[in-house]
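Residue-level structure breakdown
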Amino acid sequence: MTGLKRSWVASANTAETDFPLNNLPYGVFSTNTLGARCGVAIGDQVLDMARAEEAGLTGTQDLLQEAAWNPVMAAGPSVWSALRARLMELLKEGAEEREKLEPLLMPIADAQLHMPFRVAEYTDFYAGKQHAQNVGTMFRGPENALPPNWLHIPIGYNGRASTVVVSGTDIRRPVGQTKAKDAEAPGFGPSQRLDIELEMGAIVGTPSQMGQPVTVAEAREMIFGYVLLNDWSARDLQAWEYQPLGPFQAKAFATSISPWIVTAEALAPFAAPTPPRDLPLLPYLQEDAPGLYDVALGVEMNGHVISRTNMRELYYSSAQQLAHHASSGCAMRTGDLLGSGTISGQAPDSYGSLLEMSWGGQTPIRVGDETRSFIEDGDILTLTGHARGDGYRVGFGACSGRILPAPDFPKETI
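This write-up is about the structure you can find in this document. (Residues numbered from 1 in each chain as written. Predicted model: local features only at pLDDT ≥ 70, side-chain atom pairs only at ≥ 80, totals over all residues. Heavy atoms only, no water.)

1. What about the overall build of the protein?
Going by this rule: Helix and strand assignments come from DSSP, with helices taken as H or I runs of at least 4 residues and strands as E runs of at least 2, each series counted from the N terminus. For this measure, only C-alpha atoms enter the radius of gyration; the expected value for a globule follows 2.2 Å times N^0.38, where N is the number of residues. Partly exposed residues are those whose accessible area sits between 20% and 50% of the maximum for their type, while under 20% is buried and over 50% is exposed, using a 1.4 Å probe and protein chains only. Residues count as neighbours in contact if any of their non-hydrogen atoms are within 4.5 Å of one another. The positive count covers Lys and Arg only, the negative count covers Asp and Glu only, and His and the chain ends enter neither. Here the site of a charge means NZ on Lys, CZ on Arg, CG on Asp, or CD on Glu.
If you tally the helices and strands in the protein, you get 11 helices and 27 strands. Rg of the C-alpha trace for the protein: 21 Å, near the compact-globule value of 22 Å for 414 residues, within the 12% margin. Based on the C-alpha atoms only, the size of the protein along its principal axes is roughly 75 × 50 × 40 Å. In the protein, buried positions account for 55% of the 414 residues. A fraction of 72% describes how many contacts in the protein between residues 6 or more apart in sequence connect residues 24 or more apart. Averaged over its 31 positive side-chain charges, the protein has a centre that lies 1 Å from the centre of its 47 negative ones.

2. A few points about the pattern of salt bridges
Oppositely charged side chains may form a pair once their charged atoms are brought near each other. Counted only if it meets this: Each reported salt bridge corresponds to a side-chain nitrogen of Lys or Arg within 4 Å of a carboxyl oxygen of Asp or Glu.
One pass over the full model with this rule turns up 23 salt bridges. Between Glu89 and Lys92 there is a salt bridge; the shortest N-O distance is 3.2 Å. Asp231 is paired through a salt bridge with Lys251; the nearest N and O atoms lie 2.9 Å apart. Taken as a pair, Asp231 in the loop between strand S14 (223-230) and strand S15 (233-234) and Lys251 in helix H8 (residues 249-252) lie far apart in primary sequence, 20 residues in all. Per residue, the accessibility class of Asp231 equals that of Lys251, and both read buried. Overlapping salt bridges, with partners in common, bring together Asp195, Glu197, Asp231, Arg235 and Lys251 in one network.

3. Some words on the sheet that holds strand S1 (residues 26-30)
In sheet architecture, strand pairing relies on hydrogen bonds along the backbone and comes in two forms, parallel and antiparallel. Note the threshold: We call two strands paired when DSSP finds no fewer than two bridges between them. Note on definitions: angles span 0 to 180 degrees between N-to-C directions of axes, and those axes are lines fitted to C-alpha atoms, for helices only across the stretch in contact.
Across the sheet, which stays open at both edges, the five strands sit in the order S4-S3-S2-S1-S5 with antiparallel pairing between neighbours. Each edge of the open sheet carries a strand with a single partner, namely strand S4 (105-107) and strand S5 (112-114). Put simply, the sheet's adjacent strands are angled 45° from each other on average, direction ignored. Pairing geometry for strand S2 (residues 37-42) and strand S3 (residues 45-48), over four bridges, is antiparallel. Within the sheet, the bridge partner assigned to Ile42 lies in S3 and is Gln45. With respect to the sheet, helix H3 (residues 77-91) is in contact with S1, S2 and S3, its orientation differing from that of S1 by roughly 65°.

Below you can see the structure in the form of structure tokens.
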């Protein structure tokens, strides 16, 4: 693994920045004087890519003038690689064109970050084995924890692109139907068992055609990059609604992502294999290269770390999930977002949801001087993640959201 690539942007050369020259993640930002536009994070600065393209510095034409990375994503892997190589040349230590770039940089702290791409559609998977075992044990017992299909197929459901939001967006507590075990009929009101799910999100760059499956290798080439993803979940709504078709309103109200897209190329040095198979996978799901990444992940609640885990805990890679998604002939589109499913390790302090950490609310966890079983109004949940190299790390920035009280409903409707 290569070490830190040095930049003339001094803040990019520290071991603890998420955004060294090795990373160069893509986002969208605005300032008091600039409208929303594409940017690249380098150290504590963001590079204005719209003006860089206008100045003829990027090697692209009319790909960076929108406030979204979708045009670049649709252009394909050769353009992705060329743009990244050009940026590294412009920002490396001793770069000849430094004077042209310096006026296009501004502090990230002075910028407002926005959704980095337009989400075409959103699919959420269930690819963490420990999470699936934990949840299955709670609801069906350890002998029936994993559904019969789980070891053969990446299970998923189609979610809502309309409520995918960028980190820092407040989340309103959802309202819906729930039914207590001893109740004769359901009631309607705010969720009392609001939860998170620590996930990675894979972003589809190049599309596929309806009726045309893709191989796992082809799927890997289609993935533009990754974000941290919080699949907010109302467990009490979910328990009542999920049979027989799975999650619906319990998941539809919000999904948060980190503001920076870390490219697949930036993560390539940290590639890691999927775990040994409990049962052989069918040939169309078998991988010929490592499909996961060694990305350390964490969950914070109100500034207190409550969990640490790693992307390596996933059972299925994003490429396997994408290949399965397209296997029926389902067309994949530029901007499709694939949630990995909750990533949990082997111990309670490495679980990726409060449902698991508190074991369904039976054992509340310590959060500073307080305890929590599920999320209360005003709580701030933050996901973190980075891959660590020799003297540097490649990070995503934080994925945070604060929970606001449920909306008011007329009493006669509840």
